[in-house]
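Residues per chain, in single letters:
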Amino acid sequence: MNRQQFYQYLQNTELLDEESLKNLNELVLEYPYFQTGRMLLVKNLALTGHIKYNMELKKAAAHIPDRRQLYFLINPPITNQPKIVTADEPTVTIEE
């Protein structure tokens, strides 16, 4: 894996597939304390539904000091969620 491929994976995690999984495994084996590489590996395992996901997630949680970053990488926040209005909440109408 070259540097340009790695940057592409960082910018667009939709590119992660079986080929990138092999490349990220090699990267983490060569540099075991490279936190960003380990985070991308866990994200790739999650996207592909790999059997080693839970084991690598535990390793990544031990190596990464801020686990919130790992959580939000794996579980991106939901945006554009419609607001549910209940009967208890008053609605505001503006009249001209």
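Here, every reference points to the structure presented above.
Residues numbered from 1 in each chain as written. Predicted model: local features only at pLDDT ≥ 70, side-chain atom pairs only at ≥ 80, totals over all residues. Heavy atoms only, no water.

Draft legend 1. Spatial organisation of the overall build of the chain. The helix and strand inventory of the chain stands at five helices and zero strands. Element order for the chain, N to C, with α for helix and β for strand: α-α-α-α-α. Burial statistics for the chain: of 96 residues in total, 26% are counted as buried. Contacts in the chain between residues far apart in sequence, at least 24 positions, make up 47% of those at least 6 positions apart. Accessible surface, the chain: about 7700 Å² in total, of which carbon and sulfur atoms supply 52%. (Helix = DSSP H or I, 4+ residues; strand = E, 2+ residues; numbered from the N terminus. Buried < 20%, exposed > 50% of the residue type's maximum accessible area, 1.4 Å probe, protein only. Contact = heavy atoms within 4.5 Å. Areas by Shrake-Rupley, 256 points an atom, 1.4 Å probe, with all protein chains shown as cover.)

Draft legend 2. Structural view of the nonpolar core. Counting ten residues, the largest nonpolar core is built from Phe-6, Tyr-9, Leu-16, Leu-21, Leu-24, Leu-27, Val-28, Leu-40, Leu-41 and Leu-45. For this core, the secondary structure elements donating two or more residues are helix H1 (3-11), helix H2 (18-30) and helix H3 (35-48). Broken down by element, this core gets its largest block of residues, four residues, from H2. Every residue in contact with Leu-27, bar those within four places of it in the chain, is listed here: Met-1, Phe-6, Phe-34 and Gly-37. Counting residues in each nonpolar core, the second largest holds six residues, with Met-39, Val-42, Ile-64 and Leu-70 among its members. (Core = buried A, V, L, I, M, F, W, Y, C linked by side-chain atoms within 4.5 Å.)

Draft legend 3. Focus on the packing of aromatic side chains. Scanning the entire structure with this criterion turns up two aromatic pairs. Both rings, one in Phe-6 and one in Phe-34, keep their centres 5.4 Å apart while their planes meet at 35 degrees; by these two values the pair is tilted. Taken together, the positions of Phe-6 in helix H1 and Phe-34 in the loop between H2 and H3 put the pair 28 residues apart, joining distant regions of the chain. Exposure remark for Phe-6: the relative accessible area of 9% places this residue in the buried category. Aromatic pair Tyr-71 and Phe-72: ring centres 5.4 Å apart, planes at 75 degrees, arrangement edge-to-face. Judged by its relative accessible area of 46%, Phe-72 is partly exposed. (Phe/Tyr/Trp six-rings, centres within 6.5 Å; stacked < 30°, edge-to-face > 60°.)

Draft legend 4. Layout of the pattern of salt bridges. Evaluated as defined, the whole model comprises three salt bridges. Ionic pairing is found between Arg-38 and Glu-56, a salt bridge with its closest N-O pair at 3.5 Å. Here Arg-38 is found in helix H3, whereas its partner Glu-56 is found in helix H4 (residues 53-63), with 18 residues between them in sequence. By the burial criterion, Arg-38 is buried, and Glu-56 matches it. Between Asp-66 and Arg-68 there is a salt bridge, with the nearest N and O atoms lying 3.2 Å from each other. In this structure Arg-68 comes out as exposed when scored by relative accessible area, which is 58%. Here the salt bridges share partners, and the residues they tie into one network are Arg-38, Glu-56 and Lys-59. (Salt bridge = Lys/Arg side-chain N within 4 Å of Asp/Glu carboxyl O.)

Draft legend 5. Spatial organisation of the layout of surface pockets. Within this model, the largest pocket holds a volume of roughly 210 Å³. Around the largest pocket sit Asn-25, Val-28, Leu-29, Arg-38, Leu-41, Leu-45, Lys-52, Met-55, Glu-56 and Lys-59, which together line it. Here the residues of the lining of the largest pocket sort into five nonpolar, one polar and four charged. (1 Å grid on protein atoms, 1.4 Å probe; cavity = no way out; pocket = protein on both sides within 12 Å on 5 of 7 lines; lining within 4 Å. Points joined across faces, edges and corners; volume = space filled by probe spheres on them. Nonpolar A, V, L, I, M, F, W, Y, C, P; charged D, E, K, R; others polar.)

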